[in-house]
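The chain contents come next:
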Amino acid sequence: MGEQLEQEIHRRRTFAIISHPDAGKTTLTEKLLLYGGAIHLAGSIKSRKTQRHAVSDWMEIEKQRGISVTSSVLQFDYGGCRINILDTPGHQDFSEDTYRTLMAVDSAVMVLDAAKGVEAQTKKLFKVCKERRIPIFTFVNKLDRFGKAPIDLMDELENVLGIRSCPMNWPVGSDGRYRGVYNRQTKLVELFAADETHGQATRTSEKYALDAPELRVALDEETYQALLDDITLLDEAGEAFDEEKIACGELTPMFFGSAMTNFGVQNFLEEYLRLAPPPAIRASSDGDIRPEDERFSAFVFKIQANMNPAHRDRLAFIRIVSGKFERNMSVWHAASDKEIKLAQPQQFLAQDRQIIDEAWPGDIVGLFDPGIFGIGDTLSDTSHKFKFADFPVFPPEKFARVQAKDTMKRKQFVKGVEQLTQEGAIQLFRQAGAGIESYIVGTVGTLQFDVLTYRLKSEYGVDIELVMQPFEVARWLTYPDGRAVTPESLRGADRGMFVYDRDDRPVLLVNNEWALGWITDNNPTLELHPVPPDRKEI
Ligand code: G4P
């Protein structure tokens, strides 16, 4: 198997596309699928909204709100490569899910709107990629319309994100009105061709050598001279292409194009596949796990319920780290210390799910989950028991007291709330001294409360009563000598709410940083942690 394993690893590319909403992530994803032959006609401008639902929005709530709540996974082949794209929702309320998705990729494509440059959500997502030191490729989108000067965009990347860029192509045009791009490798100029299909079909465009007389005819003299000047400037003063710097996320190859009109998309895809890394090694309790290790290993990075009304079930998404995955194989599940059989593994192509028989490092597989999996769980060969490093977690910032409206439904309520906690959608706390029928739920954004309400109703038949709490800060509490922190041992515990997390660790919820300062000042030996003390904060 060794040789096949190596070949399969070598041709895998697993990545996420990150962007601020509306920069064009969905459009670019669609176009990559189009070039991969996975869909024949990308959604036309008019039908794009419906098409988008068909491709990646599974949950009803997503349709209602017109935003993508859950991440999807798409797989296709191009030029001998097997590509896994993990879609990350851009909405800020769903950042936790997005961040977890980024734990499962080997590189990222950052899409910027040429007119807007680096935006708020881009910054947040970029930070996670940078911390993971994964290669980041930049696609500056919407070149078919007015945009910022490319030099200014490069400056923005450096000043706002702290990453230097190396343009792989360069817009042709002046004052933000572009005519095409110059490819720095082939040294050819590609001009926008008239597009009669609104980007529905892949297309070829006219290419010219820099000194071709036809190019000078096609461009006006001023634009042509400006292009020559830019090229000289880039060659002399620009950051040199450096694969090592790209590999560790210090330098980003930069591409210009237009996803909507397909301009520059194919070239981007091909260069990306050439430069992007195959599946990487991962740290674990047993040292680094190499993808070439024949013993299977994987981790759960996402749990999703009821993705499709036609299949009412719960799926755990695993990212394969090493070895070969086979249907019906038995593996060791570190969290429960049990051997389990992996039946019904599924893979995804656009909206279709199919049962698969085998998969390789870098691949994402959806496993039917009877309720045993949690985020970050390790699965490994039964002869090789270890754990991958825990995922970092988010400090919760929004809190609500939640209970079932109908006390007869308490059992379903508890089951639903527990399950959503295990999925990582919410964090669960219990107030000191209060009954368990009412919980305090913590999230990173208010939209998750809508998801909670919706899912408890649709999946567990429970209507809930939700009362928002005024707290914005949670702190896990410890004393340096290991003594238990109790409400009585704390000065000012009544200035916030004293709760326990699922593992019975004490946590104080307070209104703001000011209140937190008061607690810190008045309890000099107390240690306060924004996330559980054994976890890393995102
Ligand atoms: P997102 O996933 O990052 O949120 O962005 P999405 O692809 O949904 O694109 C957001 C909007 O930008 C869409 O317009 C889309 O058509 C447009 N767009 C994407 N790529 C390009 C491009 O290269 N050039 C131009 N000019 N526009 C682009 P919309 O009006 O919101 O949606 P729709 O009515 O077109 O479906």
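Residues numbered from 1 in each chain as written. Predicted model: local features only at pLDDT ≥ 70, side-chain atom pairs only at ≥ 80, totals over all residues. Heavy atoms only, no water.

J.: I'd love a proper account of the site of the ligand, names of residues and values included.
T.: Close to the ligand lie 20 residues, the nearest being D22, K25, T26, T27 and D144. Contact distances for the ligand include 3.0 Å between an oxygen atom and a backbone N or O atom of G24. When the ligand is considered free in solution it has 710 Å² of accessible area, and contact with the protein chains removes 81% of it. Only α2 (25-35) and α3 (48-55) provide two or more residues apiece to the shell around the ligand. Partitioned by chemical class, the residues of the shell around the ligand number five nonpolar, seven polar and eight charged. (Near = heavy atom within 4 Å. Polar contact = N/O pair within 3.5 Å; in protein donor to acceptor, adjacent residues only side chain to side chain. Areas by Shrake-Rupley, 256 points an atom, 1.4 Å probe, with all protein chains shown as cover. Helix = DSSP H or I, 4+ residues; strand = E, 2+ residues; numbered from the N terminus. Nonpolar A, V, L, I, M, F, W, Y, C, P; charged D, E, K, R; others polar.)

J.: I'd like a description of the side chain of T14, backed by residues and values.
T.: Position of T14 among the secondary structure elements: in strand β1 (residues 12-19). At a separation of 3.2 Å, a polar atom in the side chain of T14 contacts the side chain of N84. When neighbours within four sequence positions are excluded, T14 is seen to be in contact with N84, L86, A104, V105, D106, S107, R319, G362, D363 and I364. (Contact = heavy atoms within 4.5 Å.)

J.: Mind laying out the packing of aromatic side chains, listing which residues take part and the relevant values?
T.: In this structure the tally under the stated criterion is 16 aromatic pairs. Ring plane angle 80° and centroid distance 5.7 Å describe the contact between F299 and F391, whose orientation is recorded as edge-to-face. Here the residue F299 occupies a position in strand β12 (residues 297-305), and F391 occupies one in the loop between β21 (378-380) and β22 (398-404), the gap between them amounting to 92 residues. For F391, a relative accessible area of 6% puts it in the buried group. A connected cluster of aromatic rings, assembled from ring pairs, spans F15, F137, F139, F255, F268 and Y272. Above the ring of Y479, the side-chain terminus of R483 is found at 4.1 Å from the ring centroid. Sitting above the plane of the W518 ring, R495 keeps its charged end 3.6 Å from the centroid. (Phe/Tyr/Trp six-rings, centres within 6.5 Å; stacked < 30°, edge-to-face > 60°. Buried < 20%, exposed > 50% of the residue type's maximum accessible area, 1.4 Å probe, protein only. Lys NZ or Arg CZ within 6 Å of the ring centre and 35° of its normal.)

J.: Describe the pattern of salt bridges, naming the residues involved and giving the relevant values.
T.: Scanning the model with the defined rule gives 30 salt bridges in all. One salt bridge in this structure joins D503 and R505, with 3.2 Å as the shortest N-O distance. One salt-bridge network, in which partners are shared between bridges, spans E8, R11, R12, D77, R82 and D363. (Salt bridge = Lys/Arg side-chain N within 4 Å of Asp/Glu carboxyl O.)

J.: Tell me about the sheet that holds β1, and name the residues and values.
T.: Across the sheet, which stays open at both edges, the seven strands sit in the order β2-β3-β1-β4-β5-β11-β6 with mixed pairing between neighbours. Two strands bound the open sheet, and with one partner strand each, they are β2 (73-78) and β6 (164-167). Between one strand and the next, the sheet's axes are offset by a mean angle of 30°, whatever the strand orientation. Pairing analysis gives six bridges linking β1 to strand β3 (residues 81-87), with the strands arranged parallel. Along β3, the bridge assignment pairs A16 with L86. In the packing of helix α6 (residues 120-132) onto the sheet, the strands contacted are β1, β4 (107-113) and β5 (136-141), and the crossing angle to β1 comes to about 145°. (Pairing = 2+ DSSP bridges. Axes fitted to C-alpha atoms, helices over the stretch in contact; angles between N-to-C directions.)

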